Amino acid sequence: MLLSWLKALGQALRPHHGERVPLKGFIGWLLRNLISGTNLLINFFGGLSAWVVVFHIGPSPSGPVARMLQDVERILTPLTILLIGVFLYGYERPIRRSLKEMARNGDPSPALLDLARRRLLNEPVLVALIDLGGWVVSALGYALFLGFTGEPWPMILHGVMVNLITGLVTAVVVFFVLDHAVNAHLGPHFFPEGGSSKVPGVFRLTITMRLMGLFLAANVIPLWSFLQIYIESGRLGLSPAEELVLLKRGVLFLSLAALSMGLVLAFFVGHHFSVSLGAVVRVLQRIREGDFDTRALVTSNDEIGYTADVINEMTDGLKERDALKESMRAAREIQQGLLPRTPPVTPGLDVFGQSLYRDPTGGDYFDYLHLGTEGDRRLGLVIGDVSGHGLPAALLMVSARATLRHGLFDSDDLAQVFRGLGRQVYDDAKETGQFMTLFYLEIDRTGPAVRWVNAGHAPALVYNPDRDDFSRLEGRGPALGVVRDFPFPPQAGVLAAGSILVLATDGVWEAPNAQGEAYGLENLRQAIRVHRNRSAREIVAAVFEELDAYRGTGQHRDDLTLVVTKVL
């Protein structure tokens, strides 16, 4: 019955990794007193071990002195443990208060929770040092008592060393056991999402420290204890037989103690590494499968805890990046939907345009607008380029597009339309420093007479196959967003039959090759000249093919937009 109850209690206090044990009832009370109770129990066994060594294994004081020393030990050891317990109780008050508030289904105040977290992480080291200090005081008291009673120096040294070694062993065991209790049982309540490595004012442990502590407890301390017994047995003037008996008892006791302590501490260290690393591995496996919602719930105050927190930050970043990619994909689809999907079907004209963006979204823009009525047939061609790249440029482009379309469909006065557009772009971009170049050309399909407005954009190219020469449609006006109020006077002209009109953004002729040399306007003119007998779509495709070949393995440095219009 007792074993079954202890097994159930152990399972209640040992949840699966990342879960929390109940904070109410007996289990909650046991959890709040887990640290102090465990420390009291370990110190009790430490005192018991020192008693056995002093009075039953090592050289003992004389009869009357031994009885007085036993009386002192009965008072001094419990008093030392009591003082340690009182200090620990006061140190744990923020931890207890936080657990009680959690048990009432409330959240501790941020200040209280921060203090409790800091003390919880420091507790294994601090309590181990306090315990060691208590045993040092006990050793000094032992030395003063034996010195006062006139015991020989080897006997005094024996008592002092027994207490010091016991204190060192107790401190090491306390550290590992309390560290396990903090990580396995208390940590999930105070760090439900991880983050133990971010708590300020904490003595950071390392894996090397843990392994060195294990080596110290299971190897150095037992060897030191045996050498101390060996040296003392030679100084006390014992007979060979008495010396042999003393050494045999010491070896037997120390071997059993070292083996037991090594097994217990190896379990705690191995359990800590296996559970913590297992949590990290499970999260990495989930990340590999694309699950960014899981977290590595590791509360250890070492490199593994820090690694878990970094992984959690990484998954948060991956989630944000994944969400941003989805948003950018949606923005790309929206922006691509704003660009013409098919060329306009216009008698007497063959028109085709295409944009290639460096980023998922971009600032290049082109459009076709069917203007006028059946008796006033006009086709508007627009090409624009917003400074910068990505989403900010795309937003400004969308705003300018909407304003321009609204203005052109409401008015035939190009100067008025572009003055309003300039004001709108200036107001939208004045806080960002962005600007937009834009070229608008309107073709009267009965002419074909043209009129245009150039707002800081490169002139349009017009190729006349009959004369085999190029001309430019210039224009006077600053880029949109630079000046708030500008008249933007329209220009007018006529396109000859067979002409090829080319509108492009600077990303086309500024595209670099592997040596950093720009493609250039001359190469663009030559491409138009070579492919003049092909359709507008084929000319655009041919120019982009030449650009790909010219760049080689280089990437887009800018958005590319090209609109070709052939007058049939």
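Scroll up to find the structure.
Residues numbered from 1 in each chain as written. Predicted model: local features only at pLDDT ≥ 70, side-chain atom pairs only at ≥ 80, totals over all residues. Heavy atoms only, no water.

Asks: Explain the packing of aromatic side chains here, please?
Replies: Describing an aromatic ring pair means giving the distance of the ring centres and the angle of the ring planes. Evaluated as defined, the whole model comprises 8 aromatic pairs. Measuring from ring centre to ring centre gives 5.9 Å for phenylalanine 418 and tyrosine 440, while their planes differ by 45°; the resulting arrangement is tilted. With a gap of 22 residues between them, phenylalanine 418 in helix 12 (residues 414-429) and tyrosine 440 in strand 4 (residues 436-444) connect regions that are remote in the sequence. With relative accessibility at 0%, the residue phenylalanine 418 sits in the buried group. Judged by relative accessible area, which is 0%, tyrosine 440 ranks as buried. (Phe/Tyr/Trp six-rings, centres within 6.5 Å; stacked < 30°, edge-to-face > 60°. Helix = DSSP H or I, 4+ residues; strand = E, 2+ residues; numbered from the N terminus. Buried < 20%, exposed > 50% of the residue type's maximum accessible area, 1.4 Å probe, protein only.)

Asks: Is there a simple way to think about the pattern of salt bridges in this case?
Replies: Here the idea is simple: oppositely charged side chains can pair when their charged atoms come close. Applying the stated criterion across every chain, the model contains 16 salt bridges. Among the ionic pairs, arginine 96 bridges to glutamate 92, the shortest N-O distance being 3.4 Å. The same class applies to arginine 96 as to glutamate 92, namely buried. Close ionic contact of aspartate 468 with arginine 529 constitutes a salt bridge, the shortest N to O distance being 2.9 Å. With aspartate 468 in the loop between strand 6 (460-464) and strand 7 (469-473) and arginine 529 in helix 14 (residues 521-530), this residue pair connects regions lying 61 residues apart in the sequence. One network of salt bridges, with partners in common, ties together Arg378, Asp412, Glu442 and Arg451. (Salt bridge = Lys/Arg side-chain N within 4 Å of Asp/Glu carboxyl O.)

Asks: Please explain the sheet that holds strand 3 (residues 378-386) as it appears in this structure.
Replies: Hydrogen bonds along the backbone pair up the strands of a sheet, which may run parallel or antiparallel. Strand order in the open sheet made by the 5 strands is 2-3-4-5-8, with antiparallel pairing throughout. A single partner strand is all that each edge strand has here, and the edge strands are strand 2 (364-371) and strand 8 (491-494). Strand-to-strand twist in this sheet, taken as the mean axis angle between neighbours without regard to direction, amounts to 20°. As judged from the 4 bridges shared by strand 5 (residues 449-455) and strand 8, these two strands associate in the antiparallel manner. Paired with alanine 449 across the two strands is valine 494, which belongs to strand 8. Across the sheet, helix 11 (residues 390-410) lies against strand 2, strand 3 and strand 4, angled at about 15° from strand 2, the strand it touches most. In the packing of helix 12 onto the sheet, contacts are made with strand 4 and strand 5, and the angle to strand 4 comes to roughly 160°. (Pairing = 2+ DSSP bridges. Axes fitted to C-alpha atoms, helices over the stretch in contact; angles between N-to-C directions. Contact = heavy atoms within 4.5 Å.)

Asks: Can you walk me through helix 11 in this structure?
Replies: For helix 11, with 21 residues, the first-to-last C-alpha span of 31 Å sits near the 30 Å given by 1.5 Å per residue. Taken as a whole, helix 11 has its buried residues at Gly390, Ala393, Ala394, Leu396, Met397, Ala400, Arg401, Leu404, Gly407 and Leu408. One face of helix 11 carries all of its buried residues, which in axial projection span an arc of 160°. Residues of helix 11 that are exposed and angled more than 90 degrees away from the buried face: Leu395, His406 and Asp410. (Expected span 1.5 Å × (residues − 1). Arc of directions from axis to C-beta.)

Asks: Would you take a moment to explain the packing of helix 14 against helix 15 (residues 536-551) for this structure?
Replies: Describing two packed helices takes the angle between their axes plus the distance from one axis to the other. Following both chains from N to C, one finds helix 14 and helix 15 inclined at 135°, their axes separated by 10 Å at the closest point. In terms of orientation, helix 14 lies oblique with respect to helix 15. Handedness of the crossing formed by helix 14 with helix 15: right-handed. For the pair helix 14 and helix 15, contact is made by Asn523, Leu524, Ala527 and Ile528 and by Ile539, Val543, Glu546 and Tyr550, respectively. The class makeup of the residues in the contact of helix 14 with helix 15 is 6 nonpolar, 1 polar and 1 charged. (Parallel < 35°, antiparallel > 145°, perpendicular 65-115°, else oblique. Left-handed = near helix turned anticlockwise from the far one by under 90°. Nonpolar A, V, L, I, M, F, W, Y, C, P; charged D, E, K, R; others polar.)

Asks: When you look at the environment of glycine 477 in this model, what are you seeing that I'm missing?
Replies: Structurally, glycine 477 is set in the loop between strand 7 and strand 8. A relative accessible area of 21% means that glycine 477 is categorised as partly exposed. As for glycine 477 and proline 487, which are separated by 10 residues in sequence, their C-alpha atoms are 8.2 Å apart. Glycine 477 has contacts with Asn454, Ala455, Gly456, Phe486 and Phe488, leaving out every residue within four places of it along the chain.

Asks: Would you mind going over empty space enclosed by the protein with me for this structure?
Replies: Where empty space is left becomes clear once a probe the size of a water molecule has been rolled over the atoms. In this structure the tally under the stated criterion is 3 cavities of 30 Å³ or more. In this model, the largest cavity occupies a volume close to 50 Å³. Considering the residues around the largest cavity, the lining is formed by Phe176, Asp179, His180, Asn183, Arg210, Phe268, Val269 and His272. Where the lining of the largest cavity is concerned, the elements lending two or more residues are helix 7 (153-190) and helix 9 (240-288). Among the residues forming the lining of the largest cavity, the class breakdown is 3 nonpolar, 3 polar and 2 charged. (1 Å grid on protein atoms, 1.4 Å probe; cavity = no way out; pocket = protein on both sides within 12 Å on 5 of 7 lines; lining within 4 Å. Points joined across faces, edges and corners; volume = space filled by probe spheres on them.)

Asks: Hey, could you run me through the pairing of strand 10 (residues 560-567) in this one?
Replies: Moving residue by residue along a regular strand, the side chains alternate between the two faces of the sheet. Of all 8 residues that make up strand 10, 8 are buried, and the element is covered over most of its length. Residues Leu560, Leu562, Val564 and Lys566 of strand 10 are buried on one face, and the alternating residues Thr561, Val563, Thr565 and Val567, pointing to the opposite face, are buried as well. Where strand 1 (residues 349-356) meets strand 10, 8 bridges bridge the pair, whose relative direction is antiparallel. Across the sheet, residue glutamine 354 finds its bridge partner in strand 10, namely leucine 562. Note that strand 9 (residues 500-504) and strand 10 share 5 bridges and pair antiparallel. The residue bridging alanine 504 from the neighbouring strand is leucine 562, located in strand 10.

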